[in-house]
Amino acid sequence: MSVVPAEVLQSSTRGVPEQARGEAELGPRTRLWPALGAVYRAQLSRARVARIPLLFVATFQSIGILIMMRGVVDGGSEAESVVAGSAVLVVAFVALNLLAQYFGQLRASGGLDHYATLPVPPAAVVLGAAAAYASFTVPGTVITAVFGCVLFGLPLTHLWVLAAVIPLAGAALSGLGAACGLLAPRPELATLLGQLGMSAALLLGVLPADRMPEAVRLARDLLPSTYGVEALARTFGAHPHWGYVLGDLAVCAGVGVASLAVATWAYRRAAVR
Amino acid sequence: MCAVRGLTKTYPAVRARRGAPGTPAVRATDDVRLDIRRGEIFGLLGPNGAGKSTLVRQLTGLMRPDSGSVEILGHDIVRHPERAARILAYLGQESTALDELTVSLAAETTGRLRGLDARRARAERDAVLDELGLTPIAGRPLKKLSGGQRRLACFATALVGERPLLVLDEPTTGMDPVARRAVWSAVDRRRAERGTTVLLVTHNVIEAETVLDRVAVLDQGRVIACDTPAGLKEQVAGEVRVELVWREKAPLDVPEVAALRDRATESGRRWTLRLAPEEARTVVATVTGGAAFAALDDFTLATPSLEDVYLALGGAARQGLVKA
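Participant: Teacher, can you tell me more about the overall build of chain B here?
Facilitator: Helix and strand content of chain B: 12 helices and 14 strands. A principal-axis box enclosing the C-alpha atoms of chain B has dimensions of 75 × 45 × 45 Å. The 324 residues of chain B split such that 54% are buried. By sequence separation, contacts in chain B at least 24 residues apart represent 69% of the contacts at least 6 residues apart. A total of about 14,400 Å² of accessible surface is found on chain B, and carbon and sulfur atoms cover 49% of it.

Written out as structure tokens, the structure is:
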């Protein structure tokens, strides 16, 4: 079938011995930002094909929890933390749970080979996917927060703070999700870790902390999503303590940087075995 | 352009655990030595588990060998595995990273990640999709396509962002003849215009014989032969292959047939014999006349293929190379 004999091609390069030519020119190295943009765009487009049903599930789950808690909580600070917890739960579901599953499956099926044989900085693959999953959470989180505020009669005035809460909590949780997915030796373990993380965010984030025993409160303090919940809950008051809000968001940002760094390291490790 | 010396990789033994028996250490590639020349289509042929994929993973920088060296276009890939991605394009067997993208976006994204700027990535995407006849399905996600179409779309991503070396792991699996022809004419065009080199892992003996310039036959991690397909076949030129298919069972009451039994490889109703031309003529005369003919369903007489070469070289357990 091949119409070009190899001898013809060899004669065209004859007279230039391989050794004399030395190292051939390498293809360009892809820079971080364009690569990140390309990965982000590709991942975002996957929502249209694959992720829509689960994004609905994430939102409905949180709205269901709000309706359920309506009978238990009677306004005040408890209502604030329930609304904030449900809104951030959407982030935990998508960024932590679904991303852990995605990377777990990609690693197990050999899909990482595709990226590993392209000259892409590892950070671009991890950050692009994490950013896309954080973006998936935007509609669900906003809908849940608005619905919760209306249901519990909370002011919508400071909901703009979601513009900071979603990316920062998203960074922290998607970093954890990516790290879990890439470090887990088997895809089932990645799924398990993702589910456990989400369950923790559900139990520790949505239920008001004041009624919890000391040990659970400590666990709550260790979970990064808690700081997203706290930051959002504080803004429902008439005069929020903006210093504390910033502090909570800074914790999210710090965890985000650290966990994304770990995830990038885990990607590098998973890609070359 | 690609020199491999003493490449060895051993998978460590796995200790038995509850419910899972242990496996001994496996030497997946054993002192492999290869030289691939610029502009040729070089094939790796071997049965499942021969070490083809392990070898390819080491050549593409996806796996570190235990010892040995890989040099591609003057670059030491063992020491700098990250350079492999800037020299070669790899088409693996898995498409999970691309499955949920449209054909068009998969090609464009891969081009971007191969370092093209947005405009060139789009231009090359359009050119490649057009060349392979994928334009009509450019807007469909890969996972909604048939196996052959998906494979062709993955092949398209390997072509966007030109590379001097293409490493293709069973590129035409599941493709219809039209798609297959599109693949080989795209490869030929790149060879003629740019001297692109192709390393092809294949299972398909017929394809191997028609497209490859040279082929290395792998068996249990070792290269047991390396030559042109014609050169390899010369090694068994003195033999022809006779296949006999019996209606129900072989007529062993015919003495000539009973005498052949020891020399035949039996597989159900099928007997495969490798014989000198003279002998083959006698066998065919015997089975097509007299009592044996009544029991005969079908027979074929063929010149040797790479499959026969593999068996003649003493391939593992004489179980055959692959199903052609």
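Participant: Whenever I open this one, a nonpolar patch on the surface confuses me. Can you help?
Facilitator: On the surface, Val-138, Val-142, Val-146, Val-150 and Leu-156 of chain A cluster together to form a nonpolar patch covering roughly 370 Å² of accessible area. As for its placement among the helices and strands, Val-142 of chain A is situated in helix α6 (residues 122-152).

Participant: What exactly am I supposed to notice about the interface of chain A and chain B here?
Facilitator: How big an interface is tends to be stated in terms of accessible area lost as the parts join. Counting from both sides, the interface comprises 43 residues of chain A and, opposite them, 47 residues of chain B. Together chain A and chain B conceal approximately 4,100 Å² of surface at their shared face, both sides included; 59% is due to carbon and sulfur atoms. Linking chain A with chain B are three salt bridges, by the criterion used here. Among the salt bridges present, the one from Glu-108 of chain B reaches Arg-41 of chain A, with a minimum N-O distance of 3.0 Å. If you look at where chain A meets chain B, you find eight residue pairs in polar contact (both at pLDDT 80 or more). Mapped by element, the contributors of at least two residues to the side of chain A that touches chain B are α1 (6-12), α2 (18-21), α3 (32-70), α4 (76-109) and α5 (112-116) of chain A. At 10 residues, α3 of chain A tops the list of elements feeding residues into the side of chain A that touches chain B. Across the side of chain A that touches chain B, the residue classes tally to 23 nonpolar, 12 polar and eight charged.

Participant: I would appreciate a short explanation of the environment of Pro-122 of chain A in the present structure.
Facilitator: Residues and elements named next belong to chain A. Following the sequence through the fold, Pro-122 ends up in helix α6. Judged by its relative accessible area of 17%, Pro-122 falls in the buried class. A C-alpha to C-alpha distance of 11 Å links Pro-122 and Val-262, two positions 140 residues apart in sequence. Each residue touching Pro-122, except ones within four places of it in the same chain, is listed here: Thr-264, Tyr-267 and Arg-268.

Participant: What should I look at first to understand the sheet that holds strand β5 (residues 75-76) of chain B in this one?
Facilitator: Sheets are built from strands paired through backbone hydrogen bonds, the pairs being either parallel or antiparallel. Residues and elements named next belong to chain B. Strand order in the open sheet formed by four strands is β2-β1-β4-β5, with antiparallel pairing between adjacent strands. Two strands bound the open sheet, and with one partner strand each, they are β2 (26-36) and β5. Relative to β2, strand β1 (residues 2-11) runs antiparallel, the two being bridged by seven bridges. Within the sheet, the bridge partner assigned to Val-4 lies in β2 and is Leu-34. Taken strand by strand, helix α1 (residues 52-59) contacts β1, β2 and β4 (67-72), and its axis lies near 120° from that of β1.

Participant: Where do I start with the side chain of Arg-114 of chain B in this structure?
Facilitator: Residue position: Arg-114 of chain B is located in the loop between α3 (103-113) and α4 (118-131). Among buried Asp, Glu, Lys and Arg side chains, Arg-114 of chain B stands out as unpaired, with Glu-124 of chain B the closest opposite charge at 7.5 Å. In this structure the side chain of Arg-114 of chain B is engaged in a polar contact, spanning 3.4 Å, whose partner is the backbone oxygen of Ala-158 of chain B. For Arg-114 of chain B, the residues in contact, after removing those within four places along its chain, are Pro-28, Thr-30, Leu-118 and Pro-119 of chain A together with Ala-89, Tyr-90, Thr-157, Ala-158, Leu-159, Val-160, Gly-161 and Arg-163 of chain B.

Participant: When you look at the pairing of strand β10 (residues 222-227) of chain B in this model, what are you seeing that I'm missing?
Facilitator: Each regular strand shows side chains that alternate between the opposite faces of the sheet. Residues and elements named next belong to chain B. As paired strands, strand β9 (residues 214-219) and β10 are joined by five bridges and run antiparallel to one another. Along β10, the bridge assignment pairs Ala-216 with Cys-226. A loop of two residues connects β9 with β10, the two strands running antiparallel in sequence, and Gln-220 in this loop sits at a positive phi of about 50°.

Participant: Whenever I open this one, the pairing of strand β11 (residues 240-246) of chain B confuses me. Can you help?
Facilitator: Residue and element names in this part refer to chain B. Burial runs high along β11: seven of the seven residues are buried. Burial of the side chains of β11 extends over both faces: Val-240, Val-242, Leu-244 and Trp-246 are buried on one face and Arg-241, Glu-243 and Val-245 on the other. Sheet analysis places β11 next to strand β13 (residues 270-275), joined by six bridges and oriented antiparallel. By the bridge assignment for β13, Leu-244 is matched with Trp-271. Strand direction decides the pairing type here: β11 and strand β14 (residues 296-302), joined by six bridges, are antiparallel. Counterpart to Trp-246 in the pairing with β14 is Leu-296.

Participant: What should I look at first to understand the sheet that holds β9 of chain B in this one?
Facilitator: Residues and elements named next belong to chain B. Spatially, the six strands line up as an open sheet ordered β6-β7-β8-β3-β9-β10, and their pairing is mixed. Whereas interior strands pair on both sides, the edge strands pair on one side only; in this sheet they are β6 (88-91) and β10. Taken pair by pair, the neighbouring strands of this sheet meet at an average axis angle of 15°, ignoring direction. Pairing between β6 and strand β7 (residues 165-169): four bridges, direction parallel. Along β7, the bridge assignment pairs Tyr-90 with Val-167.

Criteria and thresholds
Residues numbered from 1 in each chain as written. Chains lettered and ligands numbered in written order. Predicted model: local features only at pLDDT ≥ 70, side-chain atom pairs only at ≥ 80, totals over all residues. Heavy atoms only, no water. Helix = DSSP H or I, 4+ residues; strand = E, 2+ residues; numbered from the N terminus. Buried < 20%, exposed > 50% of the residue type's maximum accessible area, 1.4 Å probe, protein only. Contact = heavy atoms within 4.5 Å. Areas by Shrake-Rupley, 256 points an atom, 1.4 Å probe, with all protein chains shown as cover. Patch = residues over 30% accessible without salt bridge, like charges linked within 9 Å, V, L, I, M, F, W, Y side chains within 5 Å. Salt bridge = Lys/Arg side-chain N within 4 Å of Asp/Glu carboxyl O. Buried area = accessible area lost by both parts, 1.4 Å probe. Polar contact = N/O pair within 3.5 Å; in protein donor to acceptor, adjacent residues only side chain to side chain. Nonpolar A, V, L, I, M, F, W, Y, C, P; charged D, E, K, R; others polar. Pairing = 2+ DSSP bridges. Axes fitted to C-alpha atoms, helices over the stretch in contact; angles between N-to-C directions. Lys, Arg positive; Asp, Glu negative; His and termini not counted.

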